[in-house]
Amino acid sequence: MKIAQRMEKLSPSVTMAITALGRELKAQGRDILSFSAGEPDFDTPEVIKEAAIKAIKDGHTKYTAVEGTKETKQAIINKLKKDHGLEYEEGDVVVSNGAKHSLFNLCQLLIEKGDEVIIPAPYWVTYPEQVKFSDGVPVFIETDDSTNFKITAEQLKAAITPKTKAIILNTPSNPTGGVYTKEELQAIGKILEGTDILVWSDEMYEKIMYDGKKFTAAAEASEDMYQRTITINGISKAVAMTGWRYGYIATPRKDIVKAMIKLQGQVTSNVNSVTLQAAVAALDGSADADIEKMRVQFEKRRDIALEQFNAIEGITCVKPDGAFYLFVNIKEVTSDSMKFAADLLEDKGVAVVPGDAFGIPGYFRFSFATDLESIQEGIKRIKEFVENK
């Protein structure tokens, strides 16, 4: 039997592969410290677990509407209104099995052969893979430390062609933690005015912001941006619900919403019914105190890890404004970040993700979504490894 040729367009996820290898080595008895997975080490807040238990006891175990229940969609609508002043209706929202599923749906229903999608680099590993799988063409805009890995309006303007269908923004960013300000989003919006280009704004880490800075959603930058933006979000990261699989889109483009419901209805149907009920508690403010406790700990870890990395000769790291990653510059140490990561895992038992996976060699991603003791020990081992090189 021959595997379909379209599968050759997909590359395996490097982050998943490194995480799996770290677990395998640990199971073999190796002393492994993994900073590769983007998964909070905190438990799901109790109020959400109780909501899930109640949902089971109350019999919420049947099929639901493909796009999500009225209750969960209303919770999303209320959250977007409260946090960003954005007005949406039930017909503007679709709930999917994680934001990755939401993105896959968008690629399948919007991208045709040869369509270009602009992707700032570094990027989350899934973006270009899903675009390619949908017969689209990823167009990368490279960034670096000097702009905190954010594109400029001028760079965007230079990348646009008649084939441009969309741009993917990720704010706060995985892997860099870079966050676009309202002014930067407005400048991007100005470039897009008068075009049919859509903005796919992945805002999964919006609740994980530091130094008292306020997050601005792409759709709130201007009325024009609101009309062209498809907001992609979920509850995996900020509410420590990675395994619950709940993502959503919100857009005033009802044609897109209807098409997504049609597609999802033939692929997965609804998100599991218990998660739909529990998600209401994650979105309606019931877990806000828990979210803030986690955010405070992430900020503490960021500050300590950043200071210790920048004390290592040959290594530099810019301060991220959000998310829970450091994107560490090792260009003075080596130009081969893939080999660096492989040797670090073999020699010191420390798993990080090389920058190549995110489209920018010469860096590695370090997740500080784990306990402080492990973070400090991991950085100590990295320091020893770098000094030995």
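Please refer to the structure placed before this passage.
Quick caveat: nothing in here was measured; it's all calculated off a predicted structure.

Asks: Run through the packing of aromatic side chains, naming residues and quoting values.
Replies: This model, assessed by the stated rule, comprises 18 aromatic pairs. Ring geometry for F149 and F327: centres 5.4 Å apart, planes at 85°, overall edge-to-face. Taken together, the residues F149 in the loop between β4 (137–142) and α6 (153–159) and F327 in strand β9 (residues 325–329) connect sequence positions 178 residues apart. Neither residue differs from the other here; F149 and F327 are each classed as buried. Put simply, the rings of F35, F309, F340, F364, F366 and F385 pair up and form one aromatic cluster.

Asks: Run through the packing of helix α11 (residues 288–310) against helix α13 (residues 372–388), naming residues and quoting values.
Replies: Between α11 and α13, the least distance of the axes is 10 Å, while the angle of their chain directions is 15°. Classified by the angle between their axes, α11 and α13 sit roughly parallel to one another. Viewed along their axes, α11 and α13 form a crossing whose handedness is right-handed. Seen from α11, the contacting residues are K300, R301, I304, A305, Q308 and F309; seen from α13, they are L372, I375, Q376, I379 and I382. Among the residues forming the contact of α11 with α13, the class breakdown is seven nonpolar, two polar and two charged.

Rules behind the numbers
- Residues numbered from 1 in each chain as written.
- Predicted model: local features only at pLDDT ≥ 70, side-chain atom pairs only at ≥ 80, totals over all residues.
- Heavy atoms only, no water.
- Phe/Tyr/Trp six-rings, centres within 6.5 Å; stacked < 30°, edge-to-face > 60°.
- Helix = DSSP H or I, 4+ residues; strand = E, 2+ residues; numbered from the N terminus.
- Buried < 20%, exposed > 50% of the residue type's maximum accessible area, 1.4 Å probe, protein only.
- Axes fitted to C-alpha atoms, helices over the stretch in contact; angles between N-to-C directions.
- Parallel < 35°, antiparallel > 145°, perpendicular 65-115°, else oblique.
- Left-handed = near helix turned anticlockwise from the far one by under 90°.
- Contact = heavy atoms within 4.5 Å.
- Nonpolar A, V, L, I, M, F, W, Y, C, P; charged D, E, K, R; others polar.

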